[in-house]
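Here is how the chains run, residue by residue.
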Amino acid sequence: MTASDVIHSFVRGTGNTRFGRLPGSTPLTLMAQAADTALASAGLARHQVDGVLCGYATTLPHLMLADRFCEFASLQPAYAHGMAGGGATGGLMAMLAHDLVRAGRCRNVLVVAGENRLSGQSRDQSMQTLAQVGEPEIEVPNGASVPAYYALLASRYLHEVGLDADALSDFAVLMRRHAASHPDAHLPEPLTAEAARQARPIASPLRLSDCCPISDGAVAIVVSSEPGDGIPVRIAGAGQAHRHQHLGALEDVMRSGASDAAGRAFAEAGRTPADIDYLAIYDSFTITLMMLLEELGMAPRGQAVTRLRAGDFDSGGVQPLNTHGGLLAFGHSGVAGGLMHLAEAARQLAGRAGDRQLAPRRRALFHADGGVLSSHVSLILETA
């Protein structure tokens with residue numbers, strides 16, 4: 001095979017709904033809205049979509065959700081299925097779309113996820129869903145839920161690196177500052193460091209400001225064999241890692257699997273962390289963001305907050321981080337919350353981020369995790 005025969009994959013289009021409380025919405029209506037926007041962005045008609053990957057929705061637990069969505073959205077692809085990998089699902093779907101396109105199986109893959117997670121379920125239903133992440137025979141019977149598991153991680157991690165909970169608050173403040181410039185964000189209101197540190201406790205050492213909100217919303221991207229109009233954004237590398245499922249099986253908080261996934265993605269792309277000038281990192285909790293930044297090699301151990309305070313992750317910094325506000329401020333609508341990080345990274349590289357547009361960026365690192373730092377996926381995007 002010659003260089004001219006190599007098939008590349010491009011993030012050709014992106015779309016999202018507003019995030020927050022959206023009364024009357026359903027997973028299907030939200031996903032259809034995001035898909036319409038993504039296809040318009042990509043300059044593609046419905047009949048040109050030959051692959052559809054659909055993320056699971058807790059408010060619509062359908063055994064054939066991809067088929068259900070395709071029927072609803074008037075799509076008839078040659079390849080379709082649903083996927084579930086917790087918060088990593090959006091990245092996992094994008095990686096599969098990347099592989100499908102490179103293999104010649106599909107030319108235009110619609111990756112879509114969304115649900116009415118805030119308005120479509122009660123607080124008790126939400127807590128019950130989150131509780132099921134734990135190990136069923138030991139962790140779940142003891143009443144823990146996702147915030148408690150991440151609080152345990154935070155306690156251990158902060159002890160290991162010699163920091164206190166106040167270091168986490170600065171990440172919450174940064175995400176709110178970035179969300180303020182996005183018209184679709186769930187929490188665009190400013191947050192001061194003092195207010196973040198005075199927020200009510202959820203699971204020590206995590207405060208309310210350290211936890212992402214639950215949102216309604218949807219996101220879609222189109223991964224294609226052709227770049228479309230404008231600045232091409234190519235998926236240059238991808239990698240996964242799955243070292244454990246439950247927190248009790250995590251042997252070392254300093255190595256959850258993120259570095260393994262990123263190492264594989266960097267190797268495929270032929271790049272190193274020094275080549276990255278935009279960061280799209282999963283942030284279900286502030287501790288998630290801190291731990292991932294450091295395990296991914298974006299900061300030495302215990303120094304992610306030092307880089308943040310130096311302005312490195314600001315919009316004008318050397319490696320802007322989650323310029324849409326991340327899960328902590330843009331919002332968390334299940335799979336769509338993580339997928340939004342990828343959509344924002346692609347928009348920044350393509351010069352399509354509107355009022356949030358940065359000075360030209362060439363390469364982005366996207367990373368997401370599912371469960372309790374359980375399922376990891378990294379993607380390297382670059383302008384072609």
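Below you will find a few notes about this structure. (Residues numbered from 1 in each chain as written. Predicted model: local features only at pLDDT ≥ 70, side-chain atom pairs only at ≥ 80, totals over all residues. Heavy atoms only, no water.)

1. Quick notes on the pattern of salt bridges
Here is step 1 of the chain: Evaluated as defined, the whole model comprises 18 salt bridges.
Here is step 2 of the chain: Between Arg356 and Glu344 there is a salt bridge, and its shortest N-O distance comes to 2.8 Å. One end of the pair, Arg356, is in the loop between helix 12 (335–350) and strand 10 (363–370); the other, Glu344, is in helix 12, with 12 residues separating them in the sequence.
Here is step 3 of the chain: Looking at Arg356, the relative accessible area reads 11%, which means it is buried.
Here is step 4 of the chain: Members of the salt-bridge network, linked through shared partners, are Arg234, Arg271, Arg363 and Glu382. (Salt bridge = Lys/Arg side-chain N within 4 Å of Asp/Glu carboxyl O. Helix = DSSP H or I, 4+ residues; strand = E, 2+ residues; numbered from the N terminus. Buried < 20%, exposed > 50% of the residue type's maximum accessible area, 1.4 Å probe, protein only.)

2. Digging into the packing of helix 3 (residues 89–102) against helix 12
The packing of two helices is summarised by the inter-axis angle and the distance between the axes.
Here is step 1 of the chain: Contact geometry for helix 3 and helix 12: axes closest at 7 Å, N-to-C directions at 55°. In this view, helix 3 runs oblique relative to helix 12, as classed from their interaxial angle. Contact residues: helix 3 offers Thr89, Gly90, Met93 and Ala94, while helix 12 offers Val335, Leu339 and Leu342.
Here is step 2 of the chain: Along the lines of polarity and charge, the residues of the contact of helix 3 with helix 12 split into five nonpolar, two polar and no charged. (Axes fitted to C-alpha atoms, helices over the stretch in contact; angles between N-to-C directions. Parallel < 35°, antiparallel > 145°, perpendicular 65-115°, else oblique. Contact = heavy atoms within 4.5 Å. Nonpolar A, V, L, I, M, F, W, Y, C, P; charged D, E, K, R; others polar.)

3. What about the packing of aromatic side chains?
Centre-to-centre distance and the angle between the planes together describe a pair of aromatic rings.
Here is step 1 of the chain: On inspection of all chains with the given rule, the structure shows two aromatic pairs.
Here is step 2 of the chain: Here the aromatic rings of Phe19 and Phe330 are separated by 4.7 Å at their centres, their planes lie at 50°, and the arrangement is tilted. Taken together, the residues Phe19 in the loop between strand 1 (10–16) and helix 1 (27–42) and Phe330 in the loop between helix 11 (326–329) and helix 12 connect sequence positions 311 residues apart.
Here is step 3 of the chain: Phe19 sits in the buried class, given a relative accessible area of 1%.
Here is step 4 of the chain: Taken together, a centroid distance of 4.7 Å and an interplanar angle of 25° make the contact between Tyr150 and Phe285 stacked. A residue pair is termed long-range when its members are at least 10 positions apart, and Tyr150 in helix 5 (residues 146–161) and Phe285 in the loop between strand 9 (278–281) and helix 9 (286–295) qualify at 135 residues.
Here is step 5 of the chain: When its relative accessible area of 1% is taken as the criterion, Tyr150 is described as buried. (Phe/Tyr/Trp six-rings, centres within 6.5 Å; stacked < 30°, edge-to-face > 60°.)

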